[in-house]
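The chain contents come next:
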Amino acid sequence: MTDTIEKAIPAETPAASGADEDFIISITDLNKWFGEFHVLTDVNLKVAKGEKIVICGPSGSGKSTLIRCINRLEKHQKGSINVMGHELTENTKDVAAIRKEVGMVFQSFNLFPHLTILQNLTLAPIWLRKISQKEADKLAWKYLKRVNIAEHAYKFPSQLSGGQQQRAAIARSLCMQPEIMLFDEPTSALDPEMVNEVLDVMVTLAEEGMTMLCVTHEMGFARRVADHVIFMDEGKIVERQVPEKFFTEPENERTREFLKQIHAIS
Amino acid sequence: MKLKIKSAIDFLKKEFFNTPVNAVLTVLMVWLVFKLGFWFINWAFINAVWTGESRDVAQAGGATWAFIIKKLRFFMFGFYPREQIWRIPVTIILMIFTMIPYFIKGIRHKVLIMLAQMVIWPLIIMYFLSGGPGLEKVSSNDWGGLTLTFILSVTGLLYSFPVGILMALGRRSELPVIKGLSIAYIEFFRGIPLITILFMSSVVVPFFLPNGAAVDKMVRVIIGMSIFQSAYLAEVIRGGLQSIPKGQYEAADALGFKFGLQSYLIILPQVLKLTVSNIGGISISFIKDTTLVLIIGMFDLLGIVSPLASDTDWLGMEPEGLIFAGILYWIICFAISRLTYKVEKKVNELPETAEMTGVPE
């Protein structure tokens, strides 16, 4: 049975990826299991350049897993993921090519605690983009100013508040000059008063035209920024809508239930 | 003042004389401590003999430290020829010089210094201790005493370090072959006693070497001991690797760091900070374990006591010799323990925030 499904997926022909050229990310029939648990079922998702997509859904719906599959923090078992023409396979070269284009921001910031904020930002550009220390510093300062924490550049992550750390983490990703940014519940671990400073940075980023995939429950952010809101439940994309429609007249019963629960329906 | 005495008496009553049994035990212990203390002070200092040419100067109930003083050269340098002894301090000083780059701020990749030391140290030791052009040959059989303990300890620790780190990383590898080999290495060498490894390296290995390819026993022993130590180190470092949050690996992955750079730049610096005290601990054990080489006929600081005390002039001086060796070991190990503690404190407090050079325009 598995064979038939695999055959049904179009082979990774150049023609296929050529047809998707309008899309910066195209995910086709993605399936993933954690052991017996079917965490993603036949997920299809196409993202155009510059598009901002907010993904929401109840916990355990597979939304984090979905975006973690895009840069191979999780392996998928079936289906295809194509990012900017690179097909995501076992091949480490493809993985590296994709990771180069995709930045990621985590719920728990994950700054490197043994390095200063400035060093956190310059580490990857120096070692992976092979630019000089001077250039890397210049780049880092640019982004530190943009996320508004330049005055903390010489501090260590543990000396910063959660909101400051998360902004530094965003700046760290930006220093690699990615085409796409993935956000995995970037404000969930923050104290309420720090949520906005992080969201503000993300809004600015969106306004600058960055392609963004964002797992979040910040519905205000979704309304303001998203081109599309995706609702996921039990490993499936249940609904994909423009925000106006998503929040006022969602098509699916489960979406309505979910929005009611988080009091976001208007 | 009166109050102080009163509270002291209260304290004694409460802690030491609260029941009849405790009172008896307290009296007994105090008596024992004083008795032994007096005996030791009498033996080690009051009745001790500090000068003399043979055991004839020994006094009943007193230590003959004259033995240690007379034989100090052997305790320090083993049977190294007297007129060549200057070469030992030269060797040690040169080795210490190679440590200087570690303290130079401009050098970023301290691991390169260690790799350089792995080449330079044996060259220094080979040339100055063994001899070479311009220097008389001294067989490694004549190395002994504290010198031998030093050579075995520092070279063993130096070589075990990179191997241990590689094995620990290998054990976490996703490649089954590398992972399997690392596990086999670690579990095999942790599972056999050091003495077995020493016997193997001194007795068995020469049989398997091709004719004419003699490797000095010293080299074989150092290799054996490094292998043994690296297996233990690998386990300590693996423990550290496991305690690094998963998010650190993911963040490094997401930025595009592959295994090697990721380990070197992000994971290992954190692991080494976490494991400083454990590494210090197993290093101390290792230094003490070097005493086992006496079983394969090498005369390290401990092993040299017995031949020295068989000197017909100094028969029966083992107690003094053993106590002296014990004191030296204690000083070395205590020093390392304090050093580890200091290093641990230093790496765990946040480094001073670098000079704020201001935000560039």
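These numbers were taken from a predicted model, which means no experiment stands behind them.

What counts, and where the lines are drawn
Residues numbered from 1 in each chain as written. Chains lettered and ligands numbered in written order. Predicted model: local features only at pLDDT ≥ 70, side-chain atom pairs only at ≥ 80, totals over all residues. Heavy atoms only, no water. Helix = DSSP H or I, 4+ residues; strand = E, 2+ residues; numbered from the N terminus. Rg over C-alpha atoms; globule rule 2.2 N^0.38 Å. Buried < 20%, exposed > 50% of the residue type's maximum accessible area, 1.4 Å probe, protein only. Contact = heavy atoms within 4.5 Å. Lys, Arg positive; Asp, Glu negative; His and termini not counted. Charge placed at Lys NZ, Arg CZ, Asp CG, Glu CD. Pairing = 2+ DSSP bridges. Axes fitted to C-alpha atoms, helices over the stretch in contact; angles between N-to-C directions. 1 Å grid on protein atoms, 1.4 Å probe; cavity = no way out; pocket = protein on both sides within 12 Å on 5 of 7 lines; lining within 4 Å. Points joined across faces, edges and corners; volume = space filled by probe spheres on them. Nonpolar A, V, L, I, M, F, W, Y, C, P; charged D, E, K, R; others polar. Buried area = accessible area lost by both parts, 1.4 Å probe. Salt bridge = Lys/Arg side-chain N within 4 Å of Asp/Glu carboxyl O. Polar contact = N/O pair within 3.5 Å; in protein donor to acceptor, adjacent residues only side chain to side chain. pLDDT = per-residue confidence, 0-100. Parallel < 35°, antiparallel > 145°, perpendicular 65-115°, else oblique. Left-handed = near helix turned anticlockwise from the far one by under 90°.

Asks: Sorry if this is basic, but what is going on with the overall build of chain A here?
Replies: On a plain count of helices and strands, chain A comes out with 11 helices and 10 strands. For chain A, the C-alpha radius of gyration of 19 Å lies close to 18 Å, the compact-globule estimate for 266 residues. With respect to the three principal axes, the spread of C-alpha positions in chain A is 55 × 45 × 35 Å. The 266 residues of chain A split such that 55% are buried. In chain A, of all internal contacts separated by at least 6 residues, the share reaching a separation of at least 24 is 63%. Computed over 31 positive and 37 negative side-chain charges, the inter-centroid distance for chain A is 6 Å.

Asks: Mind showing me how you'd approach the sheet that holds strand β4 (residues 78–83) of chain A here?
Replies: Strand pairing in a sheet relies on backbone hydrogen bonds. The paired strands run either parallel or antiparallel. Residues and elements named next belong to chain A. Strand order in the open sheet formed by four strands is β2-β1-β4-β5, and the pairing between neighbours is antiparallel. With partners counted over all chains shown, the strands left at the sheet margins are β2 (37–48) and β5 (86–87), one partner each. Relative to β5, β4 runs antiparallel, the two being bridged by two bridges. Considered in β5, the bridge of Asn82 is made with Glu87. Sheet strands touched by helix α3 (residues 63–70): β1 (23–34), β2 and β4. Its angle to β1, the strand with the most contacts, is close to 120°.

Asks: Would you mind going over empty space enclosed by the protein with me for this structure?
Replies: Any empty space left between the atoms is revealed when a probe the size of a water molecule rolls over them. In total, this model carries two cavities of 30 Å³ or more according to the counting rule given. Each pocket or cavity is described by its volume, and for the largest cavity that value is around 90 Å³. If you trace the largest cavity, you find 16 residues lining it, with A:Gly103, A:Met104, A:Ser173, B:Ala254 and B:Leu255 closest to the centre. Mapped by element, the contributors of at least two residues to the lining of the largest cavity are α4 (92–101), β6 (102–105) and α7 (162–175) of chain A together with α11 (246–255) of chain B. Residues belonging to the lining of the largest cavity are distributed by class as follows: 11 nonpolar, two polar and three charged. What the second largest cavity holds in volume is close to 50 Å³.

Asks: Sorry, what's going on with α11(B) here?
Replies: Helical geometry note: an α-helix holds 3.6 residues per turn, so side chains three or four residues apart project in the same direction. All names here are of chain B. Counted residue by residue, α11 has eight buried out of 10 residues, so it is predominantly covered. Every buried residue belonging to α11 is among Gly247, Gln248, Tyr249, Glu250, Ala251, Ala252, Ala254 and Leu255, and all of these are buried. Of the residues flanking the end of α11, it is Gly256, one or two places downstream, whose phi is positive at about 105°.

Asks: Just to check I follow, could you spell out the sheet that holds β6(A) for this structure?
Replies: All names here are of chain A. Judged by pairing direction, the sheet is mixed, and its six strands sit side by side in the order β6-β7-β8-β3-β9-β10 without closing on themselves. Looking at strand neighbours, the two that pair on one side only are β6 and β10 (236–241), the edges of this open sheet. Put simply, the sheet's adjacent strands are angled 20° from each other on average, direction ignored. Sheet analysis places strand β7 (residues 180–184) next to strand β8 (residues 211–215), joined by five bridges and oriented parallel. Bridge pairing links Leu182 to Leu213 in β8. Most of the contacts of α3 go to β7, to which it runs at about 150°, and overall it touches β3 (52–56), β6, β7, β8 and β9 (228–233).

Asks: Is there a simple way to think about the interface of chain A and chain B in this case?
Replies: Interfaces are often sized by the accessible area lost when the parts come together. Across the contact, 29 residues belong to chain A and 32 residues belong to chain B. The contact between chain A and chain B buries some 2700 Å² in all, and 68% of this surface belongs to carbon and sulfur atoms. The largest contributions to the chain A side of the interface with chain B come from A:His114, A:Trp127 and A:Tyr154, which together make up 25% of the buried area. One can count two salt bridges joining chain A with chain B. Of the charged contacts, one joins B:Glu250 and A:Arg68 as a salt bridge, the two residues approaching to 2.6 Å between their closest N and O atoms. Taken together, chain A and chain B are joined by five residue pairs in polar contact (both at pLDDT 80 or more). At the level of secondary structure, the elements contributing two or more residues to the side of chain A that touches chain B comprise α4, β6, α5 (117–128) and α6 (133–146) of chain A. Looking at the side of chain A that touches chain B element by element, the count peaks at four residues for α5(A). Tallied by class, the residues present in the side of chain A that touches chain B amount to 17 nonpolar, six polar and six charged.

Asks: Help me understand the pairing of β1(A), please; the structure alone is not making it clear to me.
Replies: Each regular strand carries side chains that alternate between the two faces of the sheet. As judged from the eight bridges shared by β1(A) and β2(A), these two strands associate in the antiparallel manner. What sits directly across from A:Lys32, in β2(A), is A:Leu40.

Asks: Help me understand the confidence of the model for chain A in this model?
Replies: Caution applies to low-pLDDT regions: their predicted coordinates should not be interpreted in detail. In this model, chain A carries an average pLDDT of 89, and 91% of its residues clear a pLDDT of 70 or more. Counting contacts from residues 1–20 of chain A, a segment whose pLDDT is below 50, to residues more than four positions away or on other chains yields 11 contacts.

Asks: How do you make sense of the layout of surface pockets when you look at a structure like this?
Replies: If you add up the space inside the second largest pocket, you get close to 1100 Å³. What lines the second largest pocket is a set of 29 residues, and nearest its centre among them are A:Arg99, B:Glu174, B:Asp253, B:Phe259 and B:Gln262. Only α4 of chain A together with α11 and α12 (259–289) of chain B provide two or more residues apiece to the lining of the second largest pocket. For the lining of the second largest pocket, the class distribution of residues is 11 nonpolar, six polar and 12 charged.

Asks: I tried to follow the packing of α11(B) against α12(B) on my own but got confused; where do I start?
Replies: Two packed helices can be described by the angle between their axes and the distance between those axes. All names here are of chain B. At a closest axis distance of 11 Å, the pairing of α11 and α12 adopts a crossing angle of 160°. The angle between the axes of α11 and α12 places the two elements in the roughly antiparallel class. As for the relative orientation of α11 and α12, their crossing is right-handed in sense. In this structure, α11 uses Gln248, Tyr249, Ala252 and Asp253 to contact α12, whose residues at the interface are Gln262, Ile266, Ile267 and Gln270. When its residues are assigned to classes, the contact of α11 with α12 shows four nonpolar, three polar and one charged.

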